[in-house]
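Secondary and tertiary structure notes
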Amino acid sequence: MGRKLIHSRQTDRLLAVMLKEPLVWRHGYTLMKQTGLQSGTLYPILVRLCDQGLLEAEWREAENSGKPPRHVYRLTSAGLAFAREQIVPVRRKPDALQGAKA
Amino acid sequence: MTNAPRRPIATALMRHAAGVMPSPEWGAAMQNELEAIEDDRVALNWAIGCVIAGYKERLNAMLQTRYFRSALAFLIVLLALREFFAPLLIFAYRMKYLGLAHFLGLRTAGDDYRRLIPIMDATPSWVILLWAAAGVLYLVALWQMLRRTGASYMLFFLGCVLDLAGVLAIRSIEASTGVTTEPIPMVRLAGFLLTFSVAFVLWRMTSRRMPAVN
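Residues numbered from 1 in each chain as written. Chains lettered and ligands numbered in written order. Predicted model: local features only at pLDDT ≥ 70, side-chain atom pairs only at ≥ 80, totals over all residues. Heavy atoms only, no water.

Residue and element names in this part refer to chain A. Spatially, three strands are ordered β1-β3-β2 in an open sheet, and the strand pairing comes out antiparallel. Sheet topology places β1 (26-27) and β2 (55-60) at the edges, where each strand pairs with a single neighbour. The pairing of β1 with strand β3 (residues 70-75) spans two bridges and is classified as antiparallel. Paired with histidine 27 across the two strands is valine 72, which belongs to β3. (Pairing = 2+ DSSP bridges. Helix = DSSP H or I, 4+ residues; strand = E, 2+ residues; numbered from the N terminus.)

In structure tokens:
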């Protein structure tokens, strides 16, 4: 686990969004809207962060009956610490998180 | 495109994306998300993105297999040996190790090192060093790849640049001596394509590495 971090701007954008309300579970589509990332970019990042234990995912029943269950995601405690460590210094740089929607 | 065909296309694409995704759970996660998207246009964009995500993950899974890494390692060794070939041949010729020069010459176009004597006489030492350095960089990149550290593609790419610089230098020598080391230009081009493809694959392998939690 001691390997050097390679974190992209897109990963930072996702972590920054999740850091705003770290306890909230979010759907993939919600994350796409909040981060402005396309699904082709978002899912590989989600897979990578979940594999590393920075995000946790679980299935939730859909609100509308008849719809299939959906995956939801939130930061783990390790992910929260990691995001705080990575994102806070980035925030000091102007435009570093440009594109991340509020 | 009207709204009517968008949803079936999105559904078909999504089914494909879920099938391509190495993990069935993640495939299902993407697929089920589509059902929650009301807007057909957004759903289609979502599905196209998921196909891309599926292939990215499939490619990355393939790059991490032992067989693929072994094949890549073998290829890098061959590329490194290719870089050492010309320096070794020139060294053998200049130091009068003619048996070795003859042996190596059999592996050149024309099967005879004597055909290349004008070029070997005209090749400056710095070009020989460029090739040797490229070979060393390839081997170090291989070592880094096997250790799964991030610097492998940068070292390999630097080796490619040195190799290219050496080839460009030798081109002018070929023009002045009238002797070509590689009579078929496509072979040289194919060699470069292969080398840069390896650099690209190393970069992809590195970019997929997981972030560390310290």
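Before going further, it helps to examine helix α1 (residues 9-20) of chain A. All names here are of chain A. Between its first and last C-alpha, α1 extends 17 Å over 12 residues, near the 16 Å set by a 1.5 Å rise per residue. Counting buried positions along α1 gives nine out of 12 residues, so the element sits mostly inside the fold. All of the buried residues in α1 are Thr11, Asp12, Arg13, Leu14, Leu15, Ala16, Val17, Met18 and Leu19. (Expected span 1.5 Å × (residues − 1). Buried < 20%, exposed > 50% of the residue type's maximum accessible area, 1.4 Å probe, protein only.)

Turning our attention to the confidence of the model for chain B. Taken residue by residue, chain B gives an average pLDDT of 87. The fraction at 70 or more is 94%. Of the regions scoring below 50 in pLDDT, residues 210-214 of chain B engages in 21 contacts with residues more than four places distant in sequence or in other chains. (pLDDT = per-residue confidence, 0-100. Contact = heavy atoms within 4.5 Å.)

Turning our eyes to something else, we now look at unusual backbone geometry. The residue lysine 96 of chain B is not glycine, and still its phi comes out positive at about 65°. For lysine 96 of chain B, a relative accessible area of 61% corresponds to the exposed category.

Along helix α5 (residues 98-105) of chain B, the positions that sit buried rather than exposed are Ala101, Leu104 and Gly105 of chain B. The arc enclosing the buried residues of α5 of chain B, seen along the axis, measures out at 100°, which places them on a common side. (Arc of directions from axis to C-beta.)

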